[in-house]
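Structural features, examined
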Amino acid sequence: MRYFLDCEFNGFDGPLISIALVPEVEGHGDFYAVLPCHRPQRWVEANVMPKLGAAAQSRADVVAGLSAYLAADPNPVLVADWPEDIAHAAAMLVHKGRRMVPHVRFDLINLPGFDTATMSTLPHNALADARALRREVLTREALAQTTQGSGNVAA
């Protein structure tokens, strides 16, 4: 199954602050976790920290939670629209030199015109942004399918 991924981090190339996965299929439950952020950059302090909405957990607890969340899926695919989200998620799948999820794929997609700052219900909150990404991808896929289907109709 696909899981739509978003992360918040303390500036470009900065440490992970929060991570969210929203499954393609509704009803499977979302994953959202927050890590401690020491000395957030000014922009992050003003725009991300007030929107976290959950208490920070240790990295080990987040790794364990993420691993448990993905464990039931034999072929999880994490879909993101930003490379750094994938880098942070991949790093969270390793603990003490051991890969915590046996198989996972990543899909970096390009969505021209998509911007979580305008399309998310709570911009700079990883969970809301991952939900916006899911909504946008599924909407575009449904539209493409409808367009393809209407092109096959004989006159």
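Before any of the text, the structure's been laid out above.
Presented here is a report on the structure given in the accompanying data block. (Residues numbered from 1 in each chain as written. Predicted model: local features only at pLDDT ≥ 70, side-chain atom pairs only at ≥ 80, totals over all residues. Heavy atoms only, no water.)

Residues V77 and V79 point to one face of strand 4 (residues 77–80) and L78 and A80 to the other, with burial holding for every one of them. Sheet analysis places strand 1 (residues 2–9) next to strand 4, joined by three bridges and oriented parallel. Its bridge partner being in strand 4, Y3 is matched across the sheet by L78. (Buried < 20%, exposed > 50% of the residue type's maximum accessible area, 1.4 Å probe, protein only. Helix = DSSP H or I, 4+ residues; strand = E, 2+ residues; numbered from the N terminus. Pairing = 2+ DSSP bridges.)

Let's shift gears to the sheet that holds strand 1. Strand order in the open sheet formed by five strands is 3-2-1-4-7, with mixed pairing between adjacent strands. Single-partner strands in this sheet number two, and they are strand 3 (31–34) and strand 7 (105–108). Going across the sheet, the axis of each strand differs from the next one's by a mean of 25 degrees, ignoring polarity. Packed on one face of the sheet, helix 3 (residues 83–91) meets strand 1, strand 2 (16–23), strand 4 and strand 7 and runs near 95 degrees to strand 1. (Axes fitted to C-alpha atoms, helices over the stretch in contact; angles between N-to-C directions. Contact = heavy atoms within 4.5 Å.)

A few words on the packing of aromatic side chains. In the structure shown here, the tally under the stated rule is three aromatic pairs. A centroid spacing of 6.2 Å and a plane angle of 50 degrees characterise the contact between F12 and W82, whose relative ring orientation is tilted. Of this pair, F12 sits in the loop between strand 1 and strand 2 while W82 sits in the loop between strand 4 and helix 3, and the two are 70 residues apart along the sequence. A relative accessible area of 67% means that F12 is categorised as exposed. (Phe/Tyr/Trp six-rings, centres within 6.5 Å; stacked < 30°, edge-to-face > 60°.)

With 13 residues, helix 2 (residues 59–71) should reach 18 Å at 1.5 Å per residue; the first-to-last C-alpha distance of 18 Å fits that figure. For helix 2, the complete set of buried residues consists of V62, V63, L66, S67, Y69 and L70. What you see down the axis of helix 2 is that its buried residues fit within an arc of 160 degrees, all on one side. Looking at helix 2, the residues exposed on the side facing more than 90 degrees away from the buried face are A68 and A71. Looking at the buried residues of helix 2, the elements they touch are strand 1, strand 2, strand 3, strand 4, helix 3 and strand 5 (94–95). (Expected span 1.5 Å × (residues − 1). Arc of directions from axis to C-beta.)

Turning to its location among the elements, V94 is positioned in strand 5. Exposure remark for V94: the relative accessible area of 35% places this residue in the partly exposed category. Measuring from C-alpha to C-alpha, the distance between V94 and S67 comes to 9.2 Å, with 27 residues separating the pair along the chain. For V94, the contacting residues outside a window of four places in its chain are R59, V63 and M100.

For the structure shown, the criterion picks out five salt bridges. For the salt bridge of R2 with E24, the shortest nitrogen-to-oxygen distance reads 2.8 Å. Here R2 is found in strand 1, whereas its partner E24 is found in the loop between strand 2 and strand 3, with 22 residues between them in sequence. With relative accessibility at 18%, the residue R2 sits in the buried group. Residue E24 is classed as partly exposed on the basis of its relative accessible area, which comes to 25%. Put simply, R131 and D30 hold a salt bridge, and the shortest N to O gap is 2.7 Å. Residue R131 is found in helix 5 (residues 126–151), and its partner D30 is found in the loop between strand 2 and strand 3; the two are separated by 101 residues along the sequence. Overall, R131 belongs to the partly exposed group, its relative accessible area being 40%. Accessibility expressed as a relative area gives 33% for D30, which makes it partly exposed. A cluster of three or more residues bridged by salt bridges with shared partners is formed by R2, E24 and E141. (Salt bridge = Lys/Arg side-chain N within 4 Å of Asp/Glu carboxyl O.)

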